[in-house]
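# Inside the fold
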Amino acid sequence: MAAEGWIWRWGWGRRCLGRPGLLGPGPGPTTPLFLLLLLGSVTADITDGNSEHLKREHSLIKPYQGVGSSSMPLWDFQGSTMLTSQYVRLTPDERSKEGSIWNHQPCFLKDWEMHVHFKVHGTGKKNLHGDGIALWYTRDRLVPGPVFGSKDNFHGLAIFLDTYPNDETTERVFPYISVMVNNGSLSYDHSKDGRWTELAGCTADFRNRDHDTFLAVRYSRGRLTVMTDLEDKNEWKNCIDITGVRLPTGYYFGASAGTGDLSDNHDIISMKLFQLMVEHTPDEESIDWTKIEPSVNFLKSPKGACAQPRPAWAWAA
């Protein structure tokens, strides 16, 4: 199946109070990574940002501490990253820059939601800008590399906010958001904009907006949801919604960005992590969640259709 067929395009979802206990499989024994295609629309509520469940040890919030220094409480940064009073700039609008910022507390929450307030902007017009931001939940941190300023062959979850189409034959419309889950065996192919390792994605016009832009990543009981608020309407738009995702606890949150021959300012204004109050079965609670290997189940579609063919890039059993 062509990668272009893996794109989700959804309707609008108004921001509303998070609802615990979303349906979806919990973690289990380690299995190979397979592609799950959802053929029907499944909505997910995004929390309204109630501070009751805000986990400050995993959140980056103004006013920042350590402005003008090379470090800050709870977060480490490297490369071209610059901390100001208003934003964390991962890269300036200059060529060949890489920067990242990483939480130095591992996250042991089984169910969580991350809200990211970000801004991508620069002087480049049309396709004369790049390359984008990556948001991470991974085993390793502060390791520079070729994937938007961070390492390839990572373990965990990555959400790519890609602004430049390297593949001239692509039918995608950029900027483009995609998701990848990796157990260390897969490499991100920049020449194809990660097409062969992408689980799902959507077009998202977040660059050079004159208002605030937000992204929400929700992980609960094996279900991964990515939503955007880019239109200044205080509404969430569905981008990605897949089930059967298995992520361990004890990994780190981070963000990175990179520029090449083309450039942009890549800014993080805040990263707020919320704990989702979800009940798990006794069997789920008995699992050592730190030992789960990042993977995605091969499941039948919710309409009961036969399972989709295994993609060429899936991990070998």
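Throughout this description, residue numbers start from 1 for each chain and increase along the sequence as written. Per-residue local features are limited, in this predicted model, to residues with pLDDT of at least 70; the limit for side-chain atom pairs, both in listing and counting, is 80 or more; totals at the level of whole chains, interfaces and linings are taken over all residues. Only hydrogens and water are set aside when side-chain values are computed; all heavy atoms of the structure are taken into account.

An unreviewed UniProt entry lists the protein chain under the name Lectin, mannose binding 2, from Homo sapiens.

Moving on, we get to the state of the cysteines. A disulfide bridge is the covalent bond that connects two cysteines by way of their sulfur atoms. Cysteine sulfurs are considered disulfide-paired once they come within 2.5 Å of each other. One pass over the full model with this rule turns up 1 disulfide. Across the disulfide from Cys202 sits Cys239; the S-S distance is 2.0 Å. Taking the torsion about the S-S bond as the criterion, the Cys202 to Cys239 disulfide, at about -105°, is left-handed. In this pair, Cys202 sits in strand E10 (residues 200-203) while Cys239 sits in strand E13 (residues 235-242), placing the two residues 37 residues apart along the sequence. Residue Cys202 is classed as buried on the basis of its relative accessible area of 5%. By definition, any uninterrupted DSSP run of H or I lasting at least four residues is a helix, any uninterrupted run of E lasting at least two residues is a strand, and each is numbered from the N terminus. Any residue under 20% of the maximum accessible area for its type is buried, any over 50% is exposed, and the rest in between are partly exposed; the area is computed with a 1.4 Å probe on protein chains only.

Salt bridges are counted wherever a side-chain nitrogen of Lys or Arg sits within 4 Å of a carboxyl oxygen of Asp or Glu. Following the criterion strictly, the structure yields 16 salt bridges and no others. In this structure, Glu285 engages Lys110 in a salt bridge whose closest nitrogen and oxygen atoms are separated by 3.6 Å. Taken together, the positions of Glu285 in helix H1 (residues 282-285) and Lys110 in the loop between strand E5 (98-103) and strand E6 (112-121) put the pair 175 residues apart, joining distant regions of the chain. The partly exposed category is assigned to Lys110, whose relative accessible area is 26%.

We now examine the pairing of strand E8 (residues 155-162). Judged by how many residues are buried, E8 sits mostly within the fold: 8 of 8 residues are covered. Paired strands, in this sense, are two strands between which DSSP finds at least two bridges. Where strand E7 (residues 132-138) and E8 come together, 7 bridges link them in antiparallel fashion. Across the sheet, Ile133 pairs through a bridge with Leu161, a residue of E8.

Turning next to the environment of Ile268. Its place among the elements puts Ile268 in strand E16 (residues 265-275). What makes Ile268 buried here is its relative accessible area of 0%. Distance from Ile268 to His117, taken between C-alpha atoms, is 6.2 Å for residues 151 residues apart in sequence.

Below, the discussion takes up the packing of aromatic side chains. Aromatic contacts are taken between Phe, Tyr and Trp rings whose centres are within 6.5 Å, Trp giving its six-membered ring; a plane angle under 30 degrees counts as stacked, one over 60 as edge-to-face, and the others as tilted. If you walk through the whole model with that rule in mind, you get 12 aromatic pairs. Between the aromatic rings of Trp112 and Phe253, the centroid separation amounts to 4.9 Å while the plane-to-plane angle is 85°, which identifies the pairing as edge-to-face. With Trp112 in strand E6 and Phe253 in strand E15 (residues 252-258), the pair connects residues that are 141 residues apart, well separated along the chain. Each member of the pair, Trp112 as well as Phe253, carries the same accessibility label: buried. Each ring, one from Phe148 and one from Phe160, has its centre 5.4 Å from the other, and the planes form 25°; the classification is stacked. One end of the pair, Phe148, is in the loop between E7 and E8; the other, Phe160, is in strand E8, with 12 residues separating them in the sequence. On the basis of relative accessible area, Phe160 is assigned to the buried category, the value being 1%.

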